Amino acid sequence: MKDNEIRTRLAPSPTGDPHVGTAYQALFGYVWAKKNNGSFILRIEDTDRERSSRESEKAIIDSLKWLGLEWDEGPEIGGPYGPYRQSERLEIYHEYINRLVAEGNAYPCFCSREHLADVRKERQKAGSSSGYDRKCRDIPPKEAAKRVEAGEEFTIRMKIPLEGTCVFEDLLRGKIEKDWASIDDQVIMKADGFPTYHLAVVVDDHLMKISHIIRGEEWINSVPKHVLLYEFFGWEPPVFCHLPLLRNTDKSKLSKRKNPVSINWYRKTGILPEALLNFVGMMGWHLSDDREKFSLQEMVDNFMLEDISLGGPVFNVDKLLWLNGRYIREDFSTDELLERLVEWGLNREHFRKILEICKGRMSCLSDWGELTGHFFSGRISLSKEELLLKDMDDTETSEILQIILWELEKLDSFSKENIYSLFKGLSEKLDIKLKYLTQPLYIAISGNAVSTPLFDTMDILGSDISRTRIRCAIEELGDLSKKRLKLLEKKYDSLFGDS
RNA sequence: GACCCCAUCGUCUAGCGGUUAGGACACUGGCCUUUCACGCCGGCAACACGGGUUCGAUCCCCGUUGGGGUCGCCA
C-alpha cells in the first residue's frame, strides 16, 4: 500500500436500525475513496456494551450491501489492519490508554456517577459549558495507582489543557477555534474497561491509516479532544470533513420520531437502492451540469469533497419518490422490473407467510386481492371516523396511538409474541379492553376493520412500515399540539418509566 | 444557558464582484390522451436584516436575527 493512499471509513455503531444518515456518510466516504483509487473501510464501533448488538450489525451490513456500497476492509472480510470490530481490539486500546497515563496525559477518576450528575447539574445551572470539576485530576499518581490496585472502581480521563485555544481545520469550513476551557476532561476508558468513542476512534483511525474522516457535523465539537490525543501520541491527524446533517422537515436533525429513517423502511416501501443512493448523493452535492439523476459510477467520476454545500438539507421524501419513479420508468425493461418486484415482495416465502393468515378468511381464491392489499402498499387510505377508539375523541385516540408508538419503538424484536404482550400490558395499564385498544390499529395498519390478524400483520410488515402507518394515523387525526405532547410524555414516563 | 456550525424560491440546489438570479421537487394553468399516470409547454415563488469594502455586491468583511448541533462512564 502506498503511503499517500486515500483511505476513508464508515464507522457505524450497531445500536439500532440501519439509518439513512449512515448511508449518507457511507456514500460520500465510498465515493471519495473510489474517486482516488483508494480504499473504503468498514469498522464496527461497538464499544457501548449495553446497546450494541450483533443483529443490528448484521442489519447495517445487509443494508449497505443492498445499497451496493462495497468495502475493501471490514469485519468478516478482514484486511491488513484488523480486527475491524472495536470490541475485539481491547488490548490495543489498553496499551494506548496505559501510555497516556504513564506519560501524565490521562488519569484515573474515582468519582461516582451520582457525584458527577450533581456536579454537572450545578455547573450547568451556573452557566458553565463544562460539567466536570476535575476533582480527581490532581490525585498524586502513586495514590491513584494504590486505589486502583485496591479494586476501587474508576474510569480514565484525558487531561485537557486548562487554558488556550484549540485550532483545527475542517476541509469544508476552514479554521475552527475552540477554547480548551470549554472542554471537559473526557472519559476515555469506562469503568467496564471499554474505551469510549473518542479514544477508540483516534487509535483506530491512526492504526488503520485513515486519510480522511468523513462523518456528520455533530462531531465537530469533539474534534479538539481528538486533536489533542493525536498530539499526545505524536501522530499526524487525518483530514477532517464534517458533512452537514440530514434534517426533518422542521429542520431538526433527522430523527425517527418525525421521519422514517431506517434504510429498511425505504427498502420495504419499494425504493430502489440506486434511487436512494442517488437521492442521498444530491444532499449537498450535485453534478456540474443540471442532471439530477446520476449513477454511483458517475458520482465517483465527478466527485469532489470540497464541492459539498453546507446548508443542512431536508430529507424530502416527495422528491425521492419522483427520482425513484424515474428509475422505474427509464432504467428497466418490463422483465427486469418484474425481477425486482419479485425480489421485493412477490416471492414465494413472503406470499406463503401472508397466505398462512389469510387462508381461514378466504372463500375463493380471488379474495386474495382484497385481503392482502395492505401488505403491498406503502401509504394506505384511512377514514378518520373509523380510527377513533371507543368512547374517545380524536385527541384522546391520538394520545393512545402515540403511547403505542413509543412503546413499539422500545421493542428490541418486532415479533408477533412481543407485540402481543406489549398490547396486553398496555391494555392493563391504560385500563382499556384489548379488543377496543386494538380496533383503531386495524384501521391504521390495514386500512380496514375487517382484516388479517393484527399482530401477525405487524410482524410481517415489520417495525418500520407498521410504525409509519401508526404515525400516519395520528397525522390523520390531527397532530397533537406541542403542549399536549409534552404533557403526554410526562404522563407516559410516570406510567411506563423512561428508558 | 454556554460554546461551535450554518444561512439563495416551501424543499433540494446553481451562482464563486457586473446574470431578466438558472434548474429540479411540490403547487398550479394548458397540450397530449378512452381515464389516470407519464411526457411536453407555461405560471407562482428566493438572495434574512443592518453596516462597511468597492465604480458596482447574492457573492468579500463585521454585527444582528434566525436555524441547527454539542455540552454523558452514547456513539
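Cut-off values and rules
Residues numbered from 1 in each chain as written. Chains lettered and ligands numbered in written order. Predicted model: local features only at pLDDT ≥ 70, side-chain atom pairs only at ≥ 80, totals over all residues. Heavy atoms only, no water. Pairing = 2+ DSSP bridges. Helix = DSSP H or I, 4+ residues; strand = E, 2+ residues; numbered from the N terminus. Axes fitted to C-alpha atoms, helices over the stretch in contact; angles between N-to-C directions. Contact = heavy atoms within 4.5 Å. Near = heavy atom within 4 Å. Polar contact = N/O pair within 3.5 Å; in protein donor to acceptor, adjacent residues only side chain to side chain. Nonpolar A, V, L, I, M, F, W, Y, C, P; charged D, E, K, R; others polar. 1 Å grid on protein atoms, 1.4 Å probe; cavity = no way out; pocket = protein on both sides within 12 Å on 5 of 7 lines; lining within 4 Å. Points joined across faces, edges and corners; volume = space filled by probe spheres on them. Domains from an automatic or database assignment.

### Regarding the sheet that holds strand β3 (residues 106-109)
Working step 1: The three strands are arranged β3-β4-β7 in an open sheet whose pairing can be described as antiparallel. Every other strand in the sheet has two partners, leaving β3 and β7 (187-189) as the edge strands with one partner each. Across this sheet, the average inter-strand angle for adjacent strands is 45°, counted without regard to direction.
Working step 2: By the bridge criterion, four bridges tie β3 to strand β4 (residues 155-158) in an arrangement that is antiparallel. For Cys109, the partnering residue across the bridge sits in β4 and is Thr155.
Working step 3: The strands touched by helix α3 (residues 90-102) within the sheet are β3, β4 and β7, with β7 carrying the most contacts at an inclination of about 130°.

### Let's talk about the protein's contact with RNA strand B
Working step 1: For RNA strand B, the set of nearby residues contains 49 residues, the closest of which are Arg173, Lys178, Lys190, Gly284 and Glu292.
Working step 2: Between a base nitrogen of RNA strand B and a main-chain N or O atom of Cys111, the distance comes to 3.2 Å.
Working step 3: Tyr197 has a polar backbone atom sitting 3.3 Å from a phosphate oxygen of RNA strand B.
Working step 4: In the surface near RNA strand B, the residues fall into 15 nonpolar, 14 polar and 20 charged.

### Quick notes on empty space enclosed by the protein
Working step 1: Under the counting rule described, the total for this entry stands at one cavity of 30 Å³ or more.
Working step 2: A volume near 50 Å³ is recorded for the largest cavity.
Working step 3: Forming the boundary of the largest cavity are Lys256, Asn259, Pro260, Val261, Ser262, Trp265, Asp464, Arg467, Thr468 and Arg471.
Working step 4: A total of four residues in the lining of the largest cavity trace back to one element, the largest contributor, which is helix α19 (residues 454-476).
Working step 5: For the lining of the largest cavity, a count of residues per class yields three nonpolar, three polar and four charged.
Working step 6: Looking at the lining of the largest cavity, you find at least three residues from each of domain 1 (7-87 + 246-321) and domain 3 (384-496).

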